[in-house]
Amino acid sequence: MEMNLIGRIFVNSFIWNYLNKKFLMPLIFDNLLREDYARVLDLGCGIGYTSREVANRLRNAEVFGVDYDRRQIRKANRRNKSRRIRFLVGDGKNLGFSNGYFDAVFAFDTMHHIEDYEEAIEEMSRVLRKNGDLYVLDVDKKFFNPVIKWIDNTQSLFSREEFIDRLKEHGFRVYKEGKRLSLFYAVARKFDFLPPRS
């Protein structure tokens, strides 16, 4: 889903990027299962800030930043100075990559922007290789009120517990999880098989 103007101004601001780097991204980077990934996806990359941080942390990885919002991707491409990072317009529920294409997927503050986040979990599982890793940082539904939902253009609401349950239902083993204020993170690995759906 494309962001509204207020949301776009906020997520593209120096303040949001500073808060992300100082307080949010360490929740993921301090819990990496590995650092030798060859190819990673940054789903909901916006103007590319998180993709650049992922590339800086994972020195040998090719990073694909994908966002639904064409304006954000245009800005990301204009600012991109790395040959290891590519920015593409894409839908988190229908990614244009083959099965098992990525070693890891990162989704920073993204899943609540996707209308049916369970479809996106299924799609992330599809594009992850066997034993690939998933890193998610998102907002618990308790944080949202009507004004914040409008500003943030929120499409899906879920608690940390609900999100973790959906990961398990879609074949992920959760290795680490935690929360900080209204945010939660999950570090998970894709199983060799998907458990049967009930």
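Caption draft 1: Layout of the packing of helix H2 (residues 14–29) against helix H3 (residues 49–57). Contact pair H2 / H3: the axes reach a minimum separation of 12 Å and the direction vectors enclose 50°. The angle between H2 and H3 falls in the class oblique. By crossing handedness, the relation of H2 to H3 is classed as right-handed. Packed against H2, whose contacting residues are Asn 17, Asn 20, Lys 21, Met 25 and Phe 29, the element H3 presents Tyr 49, Thr 50, Glu 53, Val 54 and Arg 57 at the interface. Across the contact of H2 with H3, the residue classes break down as four nonpolar, three polar and three charged.

Caption draft 2: Looking closely at the pattern of salt bridges. Tallied over the full model, the rule gives 10 salt bridges. For Glu 123, the salt bridge goes to Arg 126, with nearest N and O atoms at 2.8 Å. Note that Glu 123 and Arg 126 are positioned in helix H5 (residues 117–127) at a spacing of three residues, about one turn of the helix. We classify Glu 123 as buried; its relative accessible area is 8%. When salt bridges with common partners are traced through the structure, they connect Arg 160, Glu 161 and Glu 177 into a single cluster.

Caption draft 3: Layout of a nonpolar patch on the surface. A surface patch of nonpolar side chains, about 540 Å² in accessible area, is lined by Phe 14, Ile 15, Tyr 18, Leu 19 and Phe 23. By the secondary structure assignment, Phe 14 is in helix H2.

Caption draft 4: Quick peek at the sheet that holds strand E7 (residues 183–190). Reading across the sheet, the seven strands line up as E3-E2-E1-E4-E5-E7-E6 and stay open at both edges, with mixed pairing between neighbours. Of all strands in the sheet, those bounded by a partner on one side alone are strand E3 (85–89) and strand E6 (172–180). For this sheet the average axis-to-axis angle between neighbouring strands, irrespective of direction, equals 15°. Sheet topology places E6 next to E7; eight bridges connect them, and they run antiparallel. Note on E7: the bridge partner recorded for Phe 172 is Lys 190. Against the sheet, helix H7 (residues 160–169) touches strand E5 (128–139), E6 and E7, its axis set at about 165° to E6.

Caption draft 5: Geometry of unusual backbone geometry. In this structure, Asn 131 takes a positive phi of about 65° despite not being glycine. One can find Asn 131 in strand E5. Non-glycine residue Leu 181 carries a positive phi angle of around 55°. With respect to the element layout, Leu 181 can be found in the loop between E6 and E7. Exposure remark for Leu 181: the relative accessible area of 84% places this residue in the exposed category.

Caption draft 6: How the structure looks around the nonpolar core. Among the nonpolar cores identified, the biggest contains 29 residues, and Val 40 and Phe 106 are the most heavily contacted of them. Within the residue set of this core, elements represented by two or more residues are H2, H3, helix H4 (70–79), E3, strand E4 (102–108), E5 and E7. Of all the elements, H2 adds the most residues to this core, at six residues. The residues touching Val 40, leaving out its near neighbours within four places in the chain, are Val 54, Leu 58, Ala 61, Glu 62, Val 63, Phe 64, Phe 102, Ala 104 and Phe 106. Membership of the second largest hydrophobic core comes to 28 residues, among which are Phe 102, Val 105, Ile 121 and Phe 158.

Caption draft 7: Geometry of H5. Those residues of H5 that fall on the buried side of the exposure criterion are Tyr 117, Ala 120, Ile 121, Glu 123, Met 124, Ser 125 and Val 127. Each element contacted by the buried residues of H5 is listed here: strand E1 (39–43), E4, E5, H7, E6 and E7.

Caption draft 8: The arrangement of the pairing of E5 in detail. Counting buried residues along E5, nine of its 12 residues qualify, which places the element largely inside the surrounding structure. Relative to E5, E4 runs parallel, the two being bridged by six bridges. Among the inter-strand pairings, Phe 108 is bridged to a residue of E5, identified as Leu 137. With respect to chirality, the unit in which E4 leads through H5 into the neighbouring parallel E5 is right-handed. For E5 and E7, the ladder comprises seven bridges, and the chain directions are antiparallel. For Asp 133, the partnering residue across the bridge sits in E7 and is Arg 189.

The rules behind these values
- Residues numbered from 1 in each chain as written.
- Predicted model: local features only at pLDDT ≥ 70, side-chain atom pairs only at ≥ 80, totals over all residues.
- Heavy atoms only, no water.
- Axes fitted to C-alpha atoms, helices over the stretch in contact; angles between N-to-C directions.
- Helix = DSSP H or I, 4+ residues; strand = E, 2+ residues; numbered from the N terminus.
- Parallel < 35°, antiparallel > 145°, perpendicular 65-115°, else oblique.
- Left-handed = near helix turned anticlockwise from the far one by under 90°.
- Contact = heavy atoms within 4.5 Å.
- Nonpolar A, V, L, I, M, F, W, Y, C, P; charged D, E, K, R; others polar.
- Salt bridge = Lys/Arg side-chain N within 4 Å of Asp/Glu carboxyl O.
- Buried < 20%, exposed > 50% of the residue type's maximum accessible area, 1.4 Å probe, protein only.
- Patch = residues over 30% accessible without salt bridge, like charges linked within 9 Å, V, L, I, M, F, W, Y side chains within 5 Å.
- Areas by Shrake-Rupley, 256 points an atom, 1.4 Å probe, with all protein chains shown as cover.
- Pairing = 2+ DSSP bridges.
- Core = buried A, V, L, I, M, F, W, Y, C linked by side-chain atoms within 4.5 Å.
- Right-handed = clockwise from strand over helix to strand, strands pointing away.

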